[in-house]
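As a plain string of letters, each chain reads:
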Amino acid sequence: LMKRALVVAGLIILILIVSAYFVNNYWTHRFDAMIARQAAIYRVDPDLVWSTIYEETYFSPWKTGKDGEIGLMQVTPVVGREWATETGMRELERQMTASPETVLRDPERNIQIGCWYLEKIWEQFQDAPDVEARMIAAYNAGPSRAVEWSRVEEGRAQTGAEFITRIDIPSTKAYVISIMHRYRQLKNAKAPQR
């Protein structure tokens, strides 16, 4: 009887572990098609976008940040309005002015605006080595701070690791390190094995 109870308990635990794995896998990959679509439009790496969403909200579109950031990629209404203005579509501008939260709560729109913003940042840092670390730092703390952290003597290149050591906001440094770690893990998992 004791042996049977242990076997049943073991099976229940195994079922719970397997279920948790599949639920987590579904949860973290249910927006993959949207991420791929928007990343392709804005020429940013979908793995970097995925890693950013993982860090920002763990794929929870209802989240709101302490400084008013909204949705999956924690887009601010200011960035949303900037995006709407740049599109030139009056209706989007009107919606972003009237109710930015409604627009930014939509997962596809949120990912679209987040990718647009990452592309704008990429354009600013595209010639720097390890551009992803700079993009993520700028996404979190603002492009002007990332420019400041990127400053080095003329003719000298700054590696991504050197850039990260210059980040003087502890939460931003931790954010960049975490996303870059996850991003590299994704890249390594997709790299052809030898």
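Residues numbered from 1 in each chain as written. Predicted model: local features only at pLDDT ≥ 70, side-chain atom pairs only at ≥ 80, totals over all residues. Heavy atoms only, no water.

Colleague: Looking at this structure, I do not really get unusual backbone geometry. What am I missing?
Modeller: For residues other than glycine, phi is negative in most cases, and the peptide bonds are mostly trans. Positive phi values are uncommon outside glycine, yet Arg43 reaches one of about 55°. One can find Arg43 in the loop between α2 (32-41) and α3 (46-57). On the accessibility criterion, Arg43 (54% relative accessible area) is exposed. Notably, Gln74 is not glycine yet its phi reads approximately 50°, a positive angle. (Helix = DSSP H or I, 4+ residues; strand = E, 2+ residues; numbered from the N terminus. Buried < 20%, exposed > 50% of the residue type's maximum accessible area, 1.4 Å probe, protein only.)

Colleague: Would you mind showing me how to read the pattern of salt bridges here?
Modeller: Any two side chains of opposite charge can pair, on the condition that their charged atoms come close. Applying the stated criterion across every chain yields a total of 15 salt bridges. The closest approach of N and O atoms between Arg43 and Glu123, which form a salt bridge, is 3.7 Å. In this pair, Arg43 is assigned in the loop between α2 and α3 and Glu123 in helix α7 (residues 107-125), connecting sequence segments 80 residues apart. One salt bridge connects Lys187 with Asp45, and the closest N-O pair in it is separated by 2.9 Å. Of this pair, Lys187 sits in helix α11 (residues 170-190) while Asp45 sits in the loop between α2 and α3, and the two are 142 residues apart along the sequence. When its relative accessible area of 32% is taken as the criterion, Lys187 is described as partly exposed. (Salt bridge = Lys/Arg side-chain N within 4 Å of Asp/Glu carboxyl O.)

Colleague: What's the story with the packing of helix α4 (residues 77-87) against α7 in this structure? I'm lost.
Modeller: A pair of packed helices is characterised by two quantities: the angle between their axes and the separation of those axes. At their nearest, the axes of α4 and α7 sit 10 Å apart, and the two run at 85° to each other. Classed by the angle they form, the pair α4 and α7 counts as roughly perpendicular. Mapping the contact onto sequence places Val79, Gly80, Glu82, Trp83 and Glu86 in α4 and Arg109, Gln112, Ile113, Trp116, Tyr117 and Lys120 in α7. Residues belonging to the contact of α4 with α7 are distributed by class as follows: five nonpolar, two polar and four charged. (Axes fitted to C-alpha atoms, helices over the stretch in contact; angles between N-to-C directions. Parallel < 35°, antiparallel > 145°, perpendicular 65-115°, else oblique. Contact = heavy atoms within 4.5 Å. Nonpolar A, V, L, I, M, F, W, Y, C, P; charged D, E, K, R; others polar.)

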